[in-house]
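# Structural features, examined
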Amino acid sequence: MDTLVRLNADELNVALIDFIKSSFRGKKIAVHIYEDEIDETEFVLRDPVARERILKAVENVNQNKNIKEYTMDEINSFLNESEL
């Protein structure tokens with residue numbers, strides 16, 4: 001199991017420690033603390049391939065091009081097919 005918890009240092013409290021202890025009782029865990037200076041968008045945009053795809057998608061939306069619409073039934077159908 002891999003769990004990532006992002007929070008401000010001021011939000012650390014005993015309840016969080018108790019939650020971690022009860023969730024991973026009896027298991028070895030590693031706690032990795034680092035200063036999270038960039039948000040997820042900045043992180044993804046560092047990858048040139050991902051950046052190009054995202055910027056192209058934004059351009060397409062802004063120009064109302066290459067947009068596909070799905071009903072909730074179609075989306076549910078796609079999700080159910082992926083479970084097979």
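A few points on the structure.

Parameters and conventions
- Sequence order sets the numbering: in each chain, residues are counted from 1 along the sequence as written.
- Under the rules for a predicted model, residues below a pLDDT of 70 receive no local features and side-chain atom pairs below 80 are neither given nor counted, while totals for whole chains, interfaces and linings still include all residues.
- Neither water nor hydrogens contribute to the side-chain values; these are computed over all heavy atoms in the structure.
- What counts as a helix is a DSSP run of H or I of at least four residues, what counts as a strand is a run of E of at least two, and both are numbered from the N terminus.
- Within these notes, the globule rule equals 2.2 Å times the number of residues to the 0.38 power, and the radius of gyration is based on C-alpha atoms.
- Summary of the burial criterion: residues with accessible area below 20% of their type's maximum are buried, those above 50% are exposed, and those between are partly exposed, where the area comes from a 1.4 Å probe applied to protein chains only.
- All accessible areas in this document rest on Shrake-Rupley with a 1.4 Å probe, and a residue is counted as covered only by the protein chains that are shown.
- The charge count includes Lys and Arg as positive and Asp and Glu as negative, but it does not include His or the ends of the chains.
- To locate a charge, take atom NZ for lysine, CZ for arginine, CG for aspartate or CD for glutamate.

Summing up its helical and strand segments, the protein has four helices and zero strands in all. Traced from its N-terminal end to its C-terminal end, the protein shows the element sequence α-α-α-α. The C-alpha radius of gyration of the protein comes to 20 Å, more than 25% above the 12 Å expected for a compact globule of 84 residues. Projected onto the principal axes, the alpha-carbon positions of the protein cover approximately 50 × 35 × 20 Å. For the protein, the proportion of its 84 residues judged to be buried stands at 5%. Here the protein displays about 8,400 Å² of accessible surface, and carbon together with sulfur accounts for 54% of that area. Across the protein, the 11 positively charged side chains and the 18 negatively charged ones have centroids separated by 6 Å.

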